[in-house]
Amino acid sequence: MEGVIGLVNKIQRACTLLGDYGDDQTLPTLWDALPTIVVLGGQSSGKSSVLESIVGRDFLPRGSGIVTRRPLVLQLYKIEPGQQDYAQFLHTGNKKFLDFAMVRSEIQQETDRVTGKSKQISPLPINLSIYSPNVVNLTLVDLPGLTKVAVEGQPESIVQEIEDMVRSYVEKPNCILLAITPANQDVATSDAIKIAREVDPAGERTIGVLTKLDLMDKGTNALDVLEGRSYRLQHPWVGLVNRSQADINKNLDMVVARRKEREFFATSPEYGHLANRMGSEYLAKLLSKHLESVIKARVPAILSLINTSIDELEAEMSYLGRPVAIDASAQLYAILELCRAFDRIFKEHLEGGRPGGDRIYGVFDYQLPAALRKLPLDHHLAMQNVRKVVSEADGYQPHLIAPEQGYRRLIDGALNYFRGPAEASVDAVHFILKELVKKSIGETQELRRYPTLQAEIASAAIEALERFRSDSKKTVLRMVEMESSYLTVDFFRKLPQDADKGGSPISSSADRYTEGHLRRIGSNISSYVGMVSDTLRNTIPKAVVYCQVREAKRCLLDHFYTQLGKKEGHRLSQLLDEDPVLMERRQKCSRRLELYKSARDEIDSTLWGK
C-alpha cells in the first residue's frame, strides 16, 4: 500500500520540481489525474491540529485570524524505524530541516515573501515534504480557512478569493475532501460541509472529520454526526480530540497527545463503542487506505496518460534533435549536414518542389518584355531627333549615298537603352534568390536550433549571390555592347536597294533631309532595333540563368565550405551555439520524458512486480 502511495507522492513532487509547465499541458493534467487529499475547513476549525496530529509534529504557524495564506502541499514519506525525522522545502533545494520550529518559521517567511506581512492571500503553493518513520505515505493540501467576514487589513473581496481558491482544488474529480468541522458547531452551518455538499453531493469523495469533541457543552454529544444520522457520507465520520491551547503552550509531546486522545475515546461513555474508529492515528490509516484504493482505480487512466505523453515527448525530442556534439570532427560533420539540408531546400525552391522559383520565370516572361516595350525608342527615332543626329553626323561634308554615321549613332543611342532592362533583370533575379535563401533557412528545421550558423550560412550565400550578380551583369552588358559594336551586314546591303526603290541613290543637298527620307531612316533603324530586342529578350534570360541561377544551384556554399575546413574547434562550437530557447525547451522536454518513463516503470514495478 505504502509503495503505491509513495509512488504517487514521487510523481507529484516530480511534476512540481519541473516548475513552469510552459506549453506542456500534460503536466498539470497528470497532476490532476493523481488523487490528492485536500484539507477543507473554516478558520479556527482545527485544520492545523489535524495535520499536526497526522504528522506527529508541531510545524504549522498558529495565531488568530487567517494564518494559512498560501496553499501548503504536504507530502509525507514513511522512512525506516529509528531514522531521524526531517523536512525539506521545494524552494530551499536539498536543505534538510531537523528542527520543526524552523519549519514553522520557514513557512511563515515564505508566505510573507509572496504576500507581504499583510493579511493578503496567494494561490502560489508552498511545497513541503516530511520524512518520518511515524507517518504513512500521503499527499495533503492545506488551504486557507474559509471565512465569512474580512478582518482589518484585508480587502472585502478576500472572502470570495478564498472560496474561489478552495473551489479550484475541490472541484477536480480526483480530489478527496477532508472536511473539517468543529464539534461545538452545528454541522448544518459548517463552511466545509457546505462546499463539500455542492461539489460532491453524493458524498463519495468526502471524509468528514469532527474536531474538538472534548470542548462540547456538558450533556451534549456528537453521536448523531459520527453515526451518520445528522449528515450521511459514503465514508464514516472520524472524531478527534485536539490539543488544548495549554497543551500547545507547554509543548506537549505529540506521542503523549495521541495517548491522551486514545484514552478519551476509550473511557468516554458516549464514544466508547466508536473508539476503534476515532482519533488521529485511525484517521491517518483511513486516509492512506482510501487513497490507495482510489489510486488503484485510477492506475489504468494514469498509465494511458503517461504513455500518450511519452509518445508525444519522444516525437518532440526527435523534432528538436540531439544535443550538440563535443568532438570537432563530429561538429564539422554536423555543420556540413545542416548546410546540405539547407541547400536541398533551396534547390527545391528553384526546381519547383517548393514555391518561389516560378518568380524568376516571371522576370523573364513579364518584367523584361514590359521593360523593353517601355524603352523611349519612339522619342529617339522621332523625325526631329533623326534629322538632328544625321545632320550632326555629316559634319562639313554631306553624305553621298546613305548617312552611315548617322545610322550608327542612332543605332548606338537606341541600343544603349537596353542596358537598363538588362541590368534590371539581373537585379530582379538577385533579389528573388536572396529571398529564397532566407526562406530556405527558415524552412530548414534542423537549422532552427543554431541562430549563429543560420546567420553565417545566410551571409555566405548572399556573398556568393553578389559575385554571381556581378558576373551576370558584366555578361548581359557585354551582350548589349556586342550588338552595338557590330551591325548585321545584311542590314547595310539592303540600304542601296531601298534607295533604288525610292529613286536615284545620289541625293542632292536639297532633298537629303526631306521628311520622307528621314522617315525611311527612322523606319530602318526601328526595324533593326526590333530585331536586336527580340534577340536580347531571348539571350538575356539565358545569361542570367547561366551566371546566377545555375551557379546558385551548383556552388552556392562552395566558398563557405572552403573556409569551414580551416576553422578550429572552438570556432566550430561557436557556429553550433544553439538557440537558448530551444536548448531550454529540449532540457524541459528531456526532464519531462525522464519523469514519465520513470513513473511508468515504477508503476509497473510497484503494482505488478510483486
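You'll find the protein entered in an unreviewed UniProt entry as Dynamin, with Solanum tuberosum given as the organism. The protein has a UniProt comment under Subcellular location (unreviewed entry) that states "Cytoplasm, Cytoskeleton, Phragmoplast". Quoted verbatim from the Subunit (unreviewed entry) field of the UniProt record, the comment on the protein reads "Forms homodimer and may homooligomerize and heterooligomerize to form the phragmoplastin complex. Binds to PHIP1."

Of the regular secondary structure elements, the protein holds 22 helices and eight strands. With 610 residues in all, the protein has 48% of them scored as buried. In the protein, 81% of the contacts between residues at least 6 apart in sequence involve partners at least 24 apart. On the protein, roughly 30,100 Å² of surface is accessible, and the fraction owed to carbon and sulfur atoms is 51%.

What follows deals with the pattern of salt bridges. Counted under the stated rule, the structure contains 28 salt bridges. As a salt-bridge pair, Glu 110 and Arg 70 come within 3.4 Å of each other at their nearest N and O atoms. Placement of the pair is Glu 110 in helix H4 (residues 100-115) and Arg 70 in the loop between helix H3 (47-55) and strand E2 (72-78), with a sequence separation of 40 residues. Taking relative accessible area as the criterion, Glu 110 reaches 6% and is therefore assigned buried. For the salt bridge of Arg 167 with Glu 198, the shortest nitrogen-to-oxygen distance reads 2.3 Å. Here Arg 167, found in helix H5 (residues 158-170), pairs with Glu 198, found in helix H6 (residues 191-199); they are 31 residues apart in sequence, far enough to count as distant.

Right, let's get into the packing of helix H16 (residues 419-443) against helix H19 (residues 515-555). Packing of H16 against H19 leaves a shortest axis separation of 10 Å and a crossing angle of 40°. For the pair H16 and H19, the crossing hand works out as right-handed. For the pair H16 and H19, contact is made by Ala 422, Ser 425, Val 426, Val 429, His 430 and Leu 433 and by Ile 540, Val 544, Gln 548 and Val 549, respectively. Its residues placed into classes, the contact of H16 with H19 shows seven nonpolar, three polar and no charged.

This paragraph deals with the pairing of strand E1 (residues 36-41). Most of E1 sits inside the fold, with six of its six residues counted as buried. Across six bridges, E1 lies against strand E6 (residues 175-182) in parallel orientation. The partner of Val 39 across the bridge, within E6, is Leu 178. Here three bridges tie E1 to strand E5 (residues 138-142), and the two strands are oriented parallel to one another. Each residue of the ladder has a partner; that of Val 38, found in E5, is Val 141.

Positive phi outside glycine occurs at Lys 212, with the angle close to 60°. Within the secondary structure, Lys 212 is located in the loop between strand E7 (206-211) and helix H7 (223-226).

Taking 1.5 Å per residue as the helical rise, helix H10 (residues 280-320) with its 41 residues ought to reach 60 Å, whereas the 51 Å between its terminal C-alpha atoms falls clearly short. The principal kink in H10, of about 50°, is found at Val 299, preceding the proline Pro 300 by one to four residues. Of the residues flanking the end of H10, it is Gly 321, one or two places downstream, whose phi is positive at about 85°.

Moving on: the sheet that holds strand E3 (residues 86-89). With respect to topology, eight strands assemble into an open sheet ordered E3-E4-E2-E5-E1-E6-E7-E8, the strand pairing being mixed. Two strands in the sheet have a free side with no partner beyond their single neighbour: E3 and strand E8 (238-239).

Reading guide: rules and limits
- Residues numbered from 1 in each chain as written.
- Predicted model: local features only at pLDDT ≥ 70, side-chain atom pairs only at ≥ 80, totals over all residues.
- Heavy atoms only, no water.
- UniProt positions renumbered as here; feature names shortened; annotations may be inferred.
- Helix = DSSP H or I, 4+ residues; strand = E, 2+ residues; numbered from the N terminus.
- Buried < 20%, exposed > 50% of the residue type's maximum accessible area, 1.4 Å probe, protein only.
- Contact = heavy atoms within 4.5 Å.
- Areas by Shrake-Rupley, 256 points an atom, 1.4 Å probe, with all protein chains shown as cover.
- Salt bridge = Lys/Arg side-chain N within 4 Å of Asp/Glu carboxyl O.
- Axes fitted to C-alpha atoms, helices over the stretch in contact; angles between N-to-C directions.
- Left-handed = near helix turned anticlockwise from the far one by under 90°.
- Nonpolar A, V, L, I, M, F, W, Y, C, P; charged D, E, K, R; others polar.
- Pairing = 2+ DSSP bridges.
- Expected span 1.5 Å × (residues − 1).
- Bend = angle between axes of the 7 residues up to and from the residue.

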